[in-house]
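Spelled out, the chains give:
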Protein chains: 2
Amino acid sequence: MRVDILTKSENREVQKQIISKLRDLINYKNLEPGDKLPSERMLSEKFGVSRSNVREVIQKLEFFGILKSRPQSGTFIADIGQIAISGMMADILRLEDPDFKSLVETRILLELKTVRLAALRRTDEDLAKMREALDAYKKKVLNGQDAVQEDLLFHLAIAQASKNSTMNTFMLIITPGIITNFEKYHVCDANLSFQGIQEHEDIYEAIKEQDPKKAKEKMKTHFKILYQYCYNV
Amino acid sequence: MRVDILTKSENREVQKQIISKLRDLINYKNLEPGDKLPSERMLSEKFGVSRSNVREVIQKLEFFGILKSRPQSGTFIADIGQIAISGMMADILRLEDPDFKSLVETRILLELKTVRLAALRRTDEDLAKMREALDAYKKKVLNGQDAVQEDLLFHLAIAQASKNSTMNTFMLIITPGIITNFEKYHVCDANLSFQGIQEHEDIYEAIKEQDPKKAKEKMKTHFKILYQYCYNV
DNA sequence: TAAACCAATCTGGTTAACCAATTTATTAAT
DNA sequence: ATTAATAAATTGGTTAACCAGATTGGTTTA
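From a predicted model like this one, the values you see are computed outputs, not experimental measurements. (Residues numbered from 1 in each chain as written. Chains lettered and ligands numbered in written order. Predicted model: local features only at pLDDT ≥ 70, side-chain atom pairs only at ≥ 80, totals over all residues. Heavy atoms only, no water.)

A.B. asks: What is the right way to read the interface of chain A and chain B from this model?
C.D. replies: By a widely used convention, the size of an interface equals the accessible area lost when the partners come together. Every contact between the two is made by 58 residues of chain A and, on the other side, 58 residues of chain B. Roughly 4700 Å² of surface becomes buried between chain A and chain B when both sides are summed, with 62% attributable to carbon and sulfur atoms. Considering only the side of chain A, the residues that lose the most area to chain B are Leu109, Phe170 and Leu172 of chain A, jointly responsible for 13% of the buried surface there. The interface formed by chain A and chain B includes two salt bridges. In this structure, arginine 121 of chain B and glutamate 105 of chain A form a salt bridge, with 2.5 Å as the shortest nitrogen-oxygen distance. Inspection of the region where chain A meets chain B yields 20 residue pairs in polar contact (both at pLDDT 80 or more). Broken down by element, the residue count for the side of chain A that touches chain B peaks at 14 residues, all from helix H8 (residues 165-185) of chain A. Here the residues of the side of chain A that touches chain B are counted per class, giving 24 nonpolar, 17 polar and 17 charged. (Contact = heavy atoms within 4.5 Å. Buried area = accessible area lost by both parts, 1.4 Å probe. Salt bridge = Lys/Arg side-chain N within 4 Å of Asp/Glu carboxyl O. Polar contact = N/O pair within 3.5 Å; in protein donor to acceptor, adjacent residues only side chain to side chain. Helix = DSSP H or I, 4+ residues; strand = E, 2+ residues; numbered from the N terminus. Nonpolar A, V, L, I, M, F, W, Y, C, P; charged D, E, K, R; others polar.)

This is the structure we're talking about:
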């Protein structure tokens, strides 16, 4: 059906075009929330793209909670109202790839909260996992090895202990980008990691003592250098 | 190949099983970051699942930044280290669906930050969009209509003005869940919406004046009822 | 008239064959 | 022996046919 050859980046464009056309369709046909979308076959023909492309986009919009696919039945518009659907799709089209600064900014925000919640809600099991991650980190650092991964896994253990699945998910989403950029820009060099051990221990201790205020304070200290890095570069 | 019949929820289980097996494979075969995964065909046969299932999982893990697929070449493990890969995959397996409380908690956290950043970074264009969203909200409320959607679109406009694409994305992800639950539990009844107009106007004004402190304060006021609701139910 | 049944149709999901770009292995030339 | 050229195999992506469950419309039955 399609004639042109597409590279990977162009495929992203195709997805955006489909989202755009889908939004127009919903607006034009005045489809209400809960209504059924035309079938995947219909859409692929109407938009002049492959059914796989349509399915990819549907899956993506399903992740954003805009669509809901039901086997052998159809794809339905989420019950959040037409205006919200249209507005959100416009926003999704406008989304940019996150830059490092954006990631760090978000990470600091999230972690100053998860560490508080972890101090309030942690179980003994959570504590054991954090201990394990912290020991792995210490071992690497004391061996003079790079320990960015172990560092982040400790922080992910805190996110888990916060018992907030949304923040936990978000932490997971930003982690790879953080690691990559840290290694790229050598944010954590050896002596910084060494200092990090005590800071991590302090955080762990505060969570163990179930002291949210202290936990947040220790995390703030831990992020001090990161703050500077984020707002200077 | 498969004999059993799968419902939608069981399909989720299959995806988890694939992720689990994939993690074991990476650990067992000692695959390093940057290494190539076995081909999709190979994996589907090895795991006893369809190639589509494998592709779905790869796409999901690609979203989390763990894998990277290159056409006509292969699927590669992200360059974030073996320990991080293994740890993250374990975390992803453990992820639960977000509950309402988790969503609200995260929303409040995000918005108290985006509103500050919006006050600092907003352009005139951002301001115009917020004004537009706010007017749509006011019109609905003054007509006595439900305006949950318009409410959220105003808040999404703030997220956009914050110029932090990660937080913007996260706000989009939680929005449908927020709307659904708001409508379900009637969080915003008529007189509450009426009061919301002034609160929204205050927030808008603070962002217009580029006063981050005031903006955050006004947002906090706006969330006051929400706070109570979140921590009581 | 309305409820119950049934077959034709439509649906998202799955499968397998196919495509073109890429990688690897083989051959040829220097 | 080394490099260049080339052919074979491998890859993710695409396509089209197929599957089983859901839906729909018409028909029959009480």
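A.B. asks: Would you take a moment to explain the packing of helix H5 (residues 100-121) of chain A against helix H10 (residues 212-222) of chain A for this structure?
C.D. replies: Residues and elements named next belong to chain A. Two elements in contact, H5 and H10, have axes whose closest approach is 8 Å; the angle formed by their N-to-C orientations is 145°. For the pair H5 and H10, the sense of crossing is right-handed. Each of Glu111, Leu112, Val115, Arg116, Ala119 and Leu120 in H5 lies in contact with H10, whose residues at this interface are Pro212, Ala215, Lys216, Met219 and Lys220. Residue classes in the contact of H5 with H10 are distributed as seven nonpolar, no polar and four charged. (Axes fitted to C-alpha atoms, helices over the stretch in contact; angles between N-to-C directions. Left-handed = near helix turned anticlockwise from the far one by under 90°.)

A.B. asks: Help me understand the nonpolar core, please; the structure alone is not making it clear to me.
C.D. replies: Side chains of a nonpolar character, in soluble globular proteins, are inclined to be buried together. With 146 residues, the main nonpolar core has Leu22 of chain A together with Leu22 of chain B as its most contacted residues. Setting aside its immediate chain neighbours within four residues, leucine 22 of chain A contacts Leu37, Leu43, Phe47, Val57, Leu61, Leu67 and Met89 of chain A. (Core = buried A, V, L, I, M, F, W, Y, C linked by side-chain atoms within 4.5 Å. Buried < 20%, exposed > 50% of the residue type's maximum accessible area, 1.4 Å probe, protein only.)

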